[in-house]
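Close look at the chain arrangement
This is what each chain is made of:
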Amino acid sequence: MSLSDLPGSLPERPVTDPVETQAGPTTALAEPVERVRSLWVTGVVLVNVGINAAFFGPIQVLLGQQAIHFDEGQKEAILALVTGCGAAVSLVANPLFGAFSDRTTSRLGRRVPWVLFGAILGAAALVALAGAPNVAAMAILWCLVQAGCNGAYAAITAAIPDRVPVPQRGAVGGLAAMGQTVGILAGAVIASVVSGNFALGYIVCAAALLAGVVLYLFKNDDVPLVPEARPPFKLWTFVKRFWISPVKYPDFAWAWLTRFLVNVGNHMVTLYLLFFLKDAVHIEEMQGIKPEFGVLILTGLYAVMVIITSVVGGAISDRMGKRKPLVIVSSVVISIAALILGFEPTWTGAIAGAAVLGIGFGAYLAVDFALITQVLPTALDRGRDLGVINVANSLPQVIAPLIAYPFVAFWGGYVSLYVAAAVIGLLGAVFVVKIKGVA
């Protein structure tokens, strides 16, 4: 990637409309009409697998093991510090790198340089993390992992509306969601296979991240952005454009809010699953199953359901030519899963709740993503706008614990927690009807 690829490095050249030049819509910004090839879709899926393996192997196990290595007595505080710093970086990095990719005029296209740069940065930071000498270095390097992986994720997510026509977006979005879930499982497998050797685990995660981007780099069909289509770079204007007016773009605002609410509800359901199995289900006394193993069983079941319904739900949405009905139904299903857990605190109820949650969330991921790509304000800013949408995925990880804790500690325990999660998820379903530009 050369300096000419970076935002604002070319001479300023005014463009009256962010999508059109005097010659009309540019190839890079035109609405796609040709169906994408299966090889291209496979490349997108593999990028998602690699990114999520690099994310969740460390989050699920490796960072915790490293925290124990530094100070077992302070492991919870160390893990909270490191993951909190990483989460803060992810909130900024995703929309920022998405905006950078929007402005990139590389011969390789807008998205490819940032997928490559993000993967290299993330992998290098993971390798360095394996030898981090102290907690401060551990936190800094994890922030770099988050920056790199979020940069690659922002670019690959924006590549879908760049290249995929609307009638195919549900199916492709479902396959991308499947890749994310497979990556999460791959991260868990990597962490378990290395058997406590967190340094080796980081190196394997780095290899998975790099391997995941190879096919896409060679089979990406990314169309270069001509310099004439890029507005002049002014720092304040660049920063100001991250605010997307809900008055000017109400469909985008409602789509952001519904995704935020559904994700808050989903995180509230999964946050205290270990403690729920231990203290409410009494899984060890009643079933002879360790709570940790119970979480693994439920997570695996949930993941399988997500993989199946993300693919099926996206394809059904494309055939129907409608998004909102399936988004509403899947949001309701997620809320039903929360109610099952709340009112049936048994191992059977937990299994049923996990399966229903996976069914609902898998379909939701695929169809809601397709819906969102249809309400993006401009073709020029797809990466930035999807990065802003991705804040609705990351921010609930910070907010959900703040909402969930008082329900468990003071306001009725797990029943009230899961009822509240169901209500929040249902609000997400209700507000979908406010979106007017998509059927």
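About the criteria used
- Each chain carries its own residue numbering, running from 1 in the direction its sequence is written.
- The predicted origin of the model limits local features to residues at a pLDDT of at least 70 and limits the giving and counting of side-chain atom pairs to 80 or more, whereas totals for whole chains, interfaces and linings rest on all residues.
- Values shown for side chains rest on all heavy atoms present in the structure; no hydrogens or waters enter the calculation.
- Helix and strand assignments follow DSSP, with helices taken as H or I runs no shorter than four residues and strands as E runs no shorter than two, numbered in order from the N terminus.
- Two things to know: the radius of gyration comes from C-alpha atoms, and the globule rule equals 2.2 Å times the number of residues to the power 0.38.
- The buried label goes to any residue with under 20% of its type's maximum accessible area, the exposed label to any with over 50%, and the partly exposed label to all in between, with areas taken from a 1.4 Å probe on protein chains only.
- In this analysis, two residues are considered to be in contact whenever any of their non-hydrogen atoms come within 4.5 Å of each other.
- Surface accessibility follows the Shrake-Rupley procedure with a 1.4 Å probe radius. Residue values consider only the protein chains on display as shielding.
- We treat Lys and Arg as the positive residues and Asp and Glu as the negative residues; His and chain ends play no part in the count.
- A single reference atom marks each charge: NZ on Lys, CZ on Arg, CG on Asp, CD on Glu.
- Grouping buried Ala, Val, Leu, Ile, Met, Phe, Trp, Tyr and Cys residues that are joined through side-chain atoms within 4.5 Å yields what is termed a nonpolar core.
- Only the stretch in contact is used when fitting a helix axis, every axis being a line fitted to C-alpha atoms; angles between N-to-C directions are given from 0 to 180 degrees.
- Angle categories: roughly parallel below 35 degrees, roughly antiparallel above 145, roughly perpendicular from 65 to 115, and oblique for all the rest.
- Note on convention: near helix rotated counterclockwise from far helix by under a right angle means a left-handed crossing. Clockwise means right-handed.
- UniProt positions are given in the numbering used here, feature names are shortened, and annotations may be inferred rather than shown by experiment.
- By the convention adopted, Pro, Cys, Tyr, Trp, Phe, Met, Ile, Leu, Val and Ala count as nonpolar, Lys, Arg, Asp and Glu as charged, and the other residues, Gly among them, as polar.
- We define a polar contact as two N or O atoms separated by no more than 3.5 Å, with the added condition that, inside protein, one atom must be a possible hydrogen donor and the other a possible acceptor, whereas residues neighbouring each other in sequence contribute only through side-chain atom pairs.
- pLDDT runs from 0 to 100 and stands for how confident the predictor is about each residue.

1. Re the overall build of the protein chain
For the protein chain, the helix and strand inventory stands at 15 helices and two strands. In terms of overall dimensions, the protein chain is globule-like: its C-alpha atoms have a radius of gyration of 22 Å, near the 22 Å expected for 439 residues. Taken along its principal axes, the extent of the C-alpha atoms in the protein chain is 70 × 50 × 40 Å. Considering the protein chain as a whole, with its 439 residues, one finds that 52% of them fall into the buried category. Within the protein chain, contacts between residues at least 6 apart in sequence are counted, and of these 84% link residues at least 24 apart. Element-wise, carbon and sulfur atoms account for 70% of the exposed surface of the protein chain, whose accessible area totals about 18,300 Å². Between the centroid of the 27 positive side chains of the protein chain and the centroid of its 24 negative side chains there is a distance of 8 Å.

2. Observations concerning the nonpolar core
Counting 112 residues, the largest nonpolar core has Trp 40, Tyr 216 and Met 268 as its most contacted members. With 15 residues, the top contributor of residues to this core is helix H4 (residues 135-163). Not counting residues up to four positions away in its chain, the partners in contact with Met 268 are Ala 400, Ile 403, Ala 404, Leu 417, Tyr 418, Ala 420, Ala 421 and Ile 424. Counting six residues, the second largest nonpolar core, distinct from the first, contains Ala 28, Leu 29, Ala 229 and Leu 380.

3. Some thoughts on the packing of helix H3 (residues 112-129) against H4
Axis separation between H3 and H4 bottoms out at 7 Å; the angle between their running directions is 160°. Judged on the interaxial angle alone, H4 and H3 are roughly antiparallel. Note that H3 runs across H4; the crossing there is left-handed. Listed contacts from H4 to Trp 114, Val 115, Gly 118, Ala 119, Leu 121, Gly 122, Ala 125, Leu 126, Ala 128 and Leu 129 of H3 are Met 138, Leu 141, Trp 142, Leu 144, Val 145, Ala 147, Gly 148, Cys 149, Gly 151, Ala 152, Ala 155 and Ile 156.

4. Things to note about the UniProt feature "domain: Major facilitator superfamily (MFS) profile" (unreviewed entry) in the protein chain
The sites that carry the UniProt feature "domain: Major facilitator superfamily (MFS) profile" (unreviewed entry) are, in the present numbering, residues 251-439. Within residues 251-439, the helical portion is 83% and the strand portion 0%, while the C-alpha atoms at the span's ends are 12 Å from each other.

5. What about the packing of helix H5 (residues 166-193) against helix H11 (residues 291-320)?
Put simply, H5 and H11 touch, their axes get as near as 7 Å, and they point 175° apart. With respect to H11, the axis of H5 lies roughly antiparallel. When its residues are assigned to classes, the contact of H5 with H11 shows 13 nonpolar, six polar and two charged.

6. What to know about the environment of Arg 110
Within the secondary structure, Arg 110 sits in the loop between helix H2 (75-102) and H3. Residue classification places Arg 110 among the buried residues on the basis of a relative accessible area of 1%. In this structure the C-alpha to C-alpha distance between Arg 110 and Leu 39, which are 71 residues apart in sequence, comes to 19 Å. With residues up to four places along the chain from it excluded, the contact list for Arg 110 reads Ala 28, Leu 29, Ser 101, Asp 102, Thr 104, Asp 162, Asp 222, Val 223, Leu 225, Ala 379, Leu 380 and Arg 382. There is a polar contact of 3.4 Å between the side chain of Arg 110 and the backbone oxygen of Asp 102. Polar contacts involving the side chain of Arg 110 include one to the side chain of Asp 162, which spans 3.3 Å.

7. What to know about the confidence of the model for the protein chain
With 94% of its residues at a pLDDT of 70 or more, the protein chain has an overall mean of 89. Overall, residues 1-25 carries pLDDT values under 50, and its contacts beyond four positions in sequence, including any with other chains, amount to 49 contacts.

8. Looking at the side chain of Asn 150
Looking at where Asn 150 falls in the secondary structure, it is placed in helix H4. By relative accessible area, Asn 150 is classed as buried at 4%. Polar side-chain contacts of Asn 150 include one of 3.0 Å to the side chain of Asn 94. Filtering out sequence-adjacent residues up to four positions away, Asn 150 remains in contact with Phe 55, Ser 90, Ala 93 and Asn 94.

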